[in-house]
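Structural features, examined
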Amino acid sequence: MTIKSIVLKGALASSVLLGTLQCTTSSSVNSSENEKTFIIASETADCTGVAPMKCLQIKEKPTDNWSFFYSNIEGFTYEPGYEYVLKVKTEKRENVPADASSIKYTLIKQVSKTKK
């Protein structure tokens, strides 16, 4: 085995290792950027989207004010009378109708469900 082949093998191994680490790092950053924690109020509220409807009330921090949530959270079933803390994954949607959300919300984990 020549020095040249040893150097080339070492360089190849280093490249593979760095490439693997780079993929791992960027995917973990993207997943945390696409995760949110929502606090869901124990009661829905009257709101108006395309037509009058009932909306969940959400906030991301306990100190925030409640805001209307016009979309749905895939995998989550709301039960009135309970306040929820949810971990939610967000994904951008392509070619969305004008009256639909450009973001898809999917339940990752129900952190808590408290009777109110």
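Residues numbered from 1 in each chain as written. Predicted model: local features only at pLDDT ≥ 70, side-chain atom pairs only at ≥ 80, totals over all residues. Heavy atoms only, no water.

A word on the packing of aromatic side chains
Basically, it comes down to this: Aromatic rings from Phe, Tyr and Trp, taking only the six-membered ring of Trp, are treated as a pair when their centres fall within 6.5 Å; an angle between ring planes under 30 degrees marks them as stacked, one over 60 as edge-to-face, and anything in between as tilted. Three labels apply to residues, based on accessible area from a 1.4 Å probe with only protein chains included: buried if under 20% of the type maximum, exposed if over 50%, partly exposed otherwise in between.
The full count for this structure, using the stated rule, is 6 aromatic pairs. On the basis of an interplanar angle of 90° and a centroid distance of 4.9 Å, the ring pair of Phe-76 and Tyr-84 is categorised as edge-to-face. As far as the burial class goes, Phe-76 and Tyr-84 line up, both buried. Three or more aromatic residues link up through ring pairs in this structure, and these residues are Phe-38, Phe-69 and Tyr-105.

Section: the nonpolar core
Applied cut-off: Buried residues of nine kinds, namely Ala, Val, Leu, Ile, Met, Phe, Trp, Tyr and Cys, make up a nonpolar core once their side-chain atoms join them within 4.5 Å. Strands here mean DSSP runs of E at least two residues long; helices mean DSSP runs of H or I at least four residues long; both are numbered from the N terminus. Here, two residues are considered to be in contact whenever any of their heavy atoms come within 4.5 Å of each other.
Membership of the largest hydrophobic core comes to 13 residues, with the highest contact counts inside it found for Phe-38, Ile-40 and Ile-73. At the level of secondary structure, the elements contributing two or more residues to this core comprise β1 (35-40), β3 (52-59) and β6 (82-92). No other element matches β6, which puts 4 residues into this core. When near neighbours in sequence (up to four residues on either side) are disregarded, Ile-40 contacts Leu-56, Gln-57, Ile-58, Trp-66, Ile-73, Tyr-78, Tyr-82, Glu-83, Tyr-84 and Leu-86.

Observations concerning the state of the cysteines
As a reminder, the rule being used: Put simply, a disulfide is two cysteine sulfurs that come within 2.5 Å.
Under the criterion given, the structure shown has 1 disulfide. In this model, Cys-47 is linked to Cys-55 through a disulfide, with the two sulfur atoms separated by 1.8 Å. Classification of the bridge connecting Cys-47 and Cys-55 rests on its S-S torsion, roughly 75°, and on that basis the disulfide is right-handed. Take Cys-47 and Cys-55: they sit in the same class, and that class is buried.

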